[in-house]
Structure formats: C-alpha cells, structure tokens
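Summary of structural features
The primary structure of each chain is shown beneath.
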Amino acid sequence: MKKEITGILFFFMVVFSLISLISFDPRDPCLFFSTGTGGAVNNLFGVFGANFSGILVGLFGIGAFWIPFLFLLGSLLFFGKQSGRALLPLAAGGFLLVLTTGSLLALKQAHYSFFGSRFSAGGIIGMPFKSFVVHYSNPAGGSIILLLLWLIGFIMATGFSMVAFYRRCKSANGKLIDQAATTMIKLKERRQKKVKIRQNVKEEKKKKRAEKIKIKTPDPRPMPVKPIPKQEVFPFMKAGPGFTLPSVNFLDDPSPRPKSTNEENLHMQSRLLEKKLEDFGVHGKVVAVTPGPVITTFEYEPAPGIKINRIVNLTDDLALALRAISIRIVAPIPGKAVIGVEIPNADRETVRFKEMILSPAFQETKSALTLCLGKDIVGNPVSAGLEKMPHLLIAGATGTGKSVALNTMICSLLYQLTPDQVKLIMVDPKRIELSMYDGIPHLITPVVTDVKKATNALFWAVKEMERRYELLSKMKTRNIDQYNRKIAKEPPP
C-alpha cells in the first residue's frame, strides 16, 4: 500500500511540475523570485504552481525542465526491488543534470524566450557555477567540463550505458548486413530462375514452330492416335519373397559442373585473391583449391612474419574487393599450416540424389538406416545413421528445403531396405507432401491424412514401442541390434 501511494504521488508530481513549468509566467506572485504586481495568477495550477515553478526557474533556470522527467523516472524505479538504492543515484544524477543544463545554456546567452515567457538560462545557482568554471578553465575548457558533468548526471539518473548502447548498435548493424546479404542472394536466385524460365519458354516456342512447319505438307494426312501410356509395374513395387530394391537408373544423372569451377577459372581466382591480399600488404600464395557445390575453399599460405589476425581483419575488405556477397576465413585449417578462404561460387551446383546413393559413404555404411544428407562444403557426400538420432526434427522457413530433405531421407530408406526390414507410418494432414508414397509396400497403413486417424496411428506406435521395450528388458539388451544378435544366437523358447 505504501509503494502504491508513493507511486501515485510521484506520478502526480510529474503532472504538477510539467504543467506548472509550461504555464510559468514571471508576472505571477512568488515568495522569493516574484516580479509580479499581485494581480491575477496565470499559472494553470494557481498559486501553488506559480510558487513551485518560480522557485525552480529562479534557482536552476531552464534546467528546471528536467524535474518532471526525473519524477517520472522516480515513479518507475520506485516499484523495483531496490527502490531505495535506485532513487539515491537518481537524485544525485538529477541534480547534476539540472545544474549543468542551465550552465551549458548560459555559455551562449543569459536568457531564453519560449512558451510565451522569458526564462533565465541557469538561475541563481547555474549562472554563478558557469562563471566559476569558466573563470578557472577558460570558455573552451569550461564547456568540456560542464559537458562531462552533464553526461555523468545523465548516466546516473537514467542508468544509460554507452558500452551496452554500442554493443546493441553493433549487433543491429550485423543483423542488417546479414539480412541485406540474404536478400541479395534471394534476388539473384530469383533473377536466375526468371532467366531460365524465359529460356525454357523460348525453347518451347521454337519447338512448337518447328513442329508446325513439319506438319504443314501439301497433302494433309490423318495422324495416327497414340494409345495413352500406362505405368509400368516394376518388381520392386510388389512386396513378397521376390522383392528387389529399386534401380538407380530411375534417378537423374548429375549435371556437369558449372564453368566457374573449371581449372582455368579457379587458377584465375587464386591469382586474384593473391593480388588483392598484396594490395592490403599481405604476401603469400594459394597452395590448394577445393571447389564445393556452393563454396570454394582456397588454402592460402601466408609469408613468414604475417600474423593471422591481420588476414582475419580483412574479411569485409576482401569481400568488397572480390565482389563477393560474403567471405569466411578459417584461420588456420586444422592440421595444416595454411589459412582457408571460403568464397561463394558464382553458379551453385545442383546436388543429385543419384550421386549420394552411389557414393562410398552410402554404399559402405554399416548402419541399416542410413540417410543421405547431401554434400559438405568441399563436395564430399555426407550420410548419417538414423538410429543415432531417433528424435529427429526438421524445421525451417518456407522455401529452405524441408520437403526436399524429407523426401531424400525417405528414398534413402527405400533404396536400401525391403518391406520386411522396415515399416513406415506416414502422416500428412496437408495431403501434399507424402501422398506420392501411398501404395508402397513399406507402409503399415495408407498415408494418414485425417487428424483423428493420425491419433490412432500414433497410439498404436506408442503401444508397439512399449511392447518392444518389454522384449528388450526380458532379453537384457539395450537396443534392437543387440536384441537381434542375441535372438540369432539363442532363439527364445
């Protein structure tokens, strides 16, 4: 109750002091600094407001206008956990702020006019204080001292931190740069897509024109009607003893690597990187180049005596000089006496699923649930075992490749496991992503699109999980691999 009453009083003082100062009139009667004749009171708060504003303006001049702001800070700080400790620096800093504001304004002129009234710059306290500081430190030094005291008072009163403000500005600037770079990449990709679409449209128009020219003959003849092609039934589409895994020939072959990653272009980029670093006073040479699907890594060996931090600090300058969106410097590369400079490729390479399936990382794996994940930064295929990450969550913004990743993982299982080895439950409330898998023999139930049926399917999965836990507990095994090996050696009675 005390805090609430005190807070209400503080807020009242905010309103009272602000309105009294705004409606201040030097002709109003005041106990100490009155120049009026005892006539009508023009202050909106009457005699109380006239005396209050007259005393503050007489003592501190224009600096008195900080008083409402200080009362507002006091009302906010009072409800904190350490209101007593917080109000003490507020009072000290507020006094400095009020005093030095009038003294700083008095350096230019003694009086100012606004709100229809004439105000003293510093009052009977601020003006002598300004004169004292200027007398012993000259106008230039006095201005600096007063400005320093004003800054100290502002920090004490408001709790403002210049270091924290700088860090926030730096962080915001970094985020803006990242967003700008991401926007530039997206705009470039959109332009490339539009160019490809236009090229495809032109090619289709050319084909249609060529077909029309071929069709136009002197004696038109009726064209034979072709039967509608039917989907061929392959052996792997039927479950049973004769089930075979799908052939890799159904997958698209990888497209040729972009011209930007050929040997001549990489050699030219290496010489350009060396030249730009020499322009900044860093000498060395590129000893190896590793082109990846999206980024090319240049292994740069600096000359003796060149510090690594000197090269790392040139990241933004190198990006500007090489006209790259961004550059990442790995200093140094683990196990090597070189520095890695990663530069984005001008043309991104499309990673095909067929490459992943035929890679040794997938073919020679010992895991039965191997998932193809794509290529790493240097272009090596990457795969991982699903049994090592059973609680896998795929998340991301729209258009970042979630559907591609999910389809790749599902096809990774279909290309290595028969329906007797793995069973799947697919839930697709959107009826878009997984409908193409409806009918494959690996499904326990057709693709679930109804939310209510999805609940039943998940309940069944939970019960099956509990049943398997009981079996593992009876056989004293930790996972399904140990259980299968133990069953193979000692079949249950």
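The shown structure was predicted, so the numbers you read here are calculated from the model rather than taken from an experiment.

1. Some words on the overall build of the protein chain
- Of regular secondary structure, the protein chain possesses 14 helices and eight strands.
- Within the protein chain, buried positions represent 29% of all 493 residues.
- In the protein chain, the proportion of contacts linking residues at least 24 apart, taken out of those at least 6 apart, comes to 55%.
- Here the protein chain displays about 33,900 Å² of accessible surface, and carbon together with sulfur accounts for 62% of that area.

2. Observations regarding the packing of aromatic side chains
- Across all of its chains, the model carries ten aromatic pairs by this definition.
- Taken together, the aromatic side chains of Phe12, Phe16, Phe45 and Phe52 make up a single cluster linked through ring pairs.

3. Things to note about helix α1 (residues 2-22)
- Taking 1.5 Å of rise per residue, the 21 residues of α1 would be expected to cover 30 Å, and the 30 Å separating its terminal C-alpha atoms lies within 8% of that figure.
- Of the residues making up α1, those classed as buried are Gly7, Phe10, Val14, Phe16, Ser17, Ser20 and Leu21.
- Buried residues along α1 sit against α2 (46-60), α3 (67-78) and β2 (117-120).

4. Here's the deal with a nonpolar patch on the surface
- A grouping of Phe11, Val15, Phe69, Leu72 and Leu76 is seen on the molecular surface, where their side chains present a nonpolar patch of about 430 Å² in accessible area.
- Where the nonpolar patch is concerned, the elements lending two or more residues are α1 and α3.
- The biggest single contributor to the nonpolar patch is α3, with three residues.
- The residue leucine 76 is located in helix α3 in this model.
- Given a relative accessible area of 60%, leucine 76 falls into the exposed group.

Rules and cut-offs
Every chain is numbered independently, its residues counted from 1 as its sequence is written. In view of the model being predicted, local features appear only for residues whose pLDDT reaches at least 70, and side-chain atom pairs are presented and counted only at 80 or more, with totals across whole chains, interfaces and linings using the full set of residues. Hydrogens and waters are ignored; side-chain quantities use all the structure's heavy atoms. In this text, helices come from DSSP runs of H or I with a minimum length of four residues, and strands from runs of E with a minimum of two, each type numbered from the N-terminal end. When accessible area is computed with a 1.4 Å probe and restricted to protein chains, residues below 20% of their type maximum are described as buried, those above 50% as exposed, and intermediate ones as partly exposed. Contacts between residues were defined by any pair of non-hydrogen atoms, one from each residue, lying within 4.5 Å. Here the open area of atoms and residues is found with the Shrake-Rupley method and a 1.4 Å probe, where only the protein chains shown may cover a residue. By convention, a stacked pair of Phe, Tyr or Trp rings (six-membered ring in the case of Trp) has centres within 6.5 Å and planes under 30 degrees apart, an edge-to-face pair has planes over 60 apart, and any other such pair is tilted. What a helix should span is 1.5 Å times the count of its residues minus one. Here, patches come from residues exposed beyond 30% relative accessible area and free of salt bridges, joined within 9 Å for like charges and within 5 Å for nonpolar side chains (Val, Leu, Ile, Met, Phe, Trp, Tyr). The rule for a salt bridge is simple: a side-chain nitrogen of Lys or Arg has to be within 4 Å of a carboxyl oxygen of Asp or Glu.

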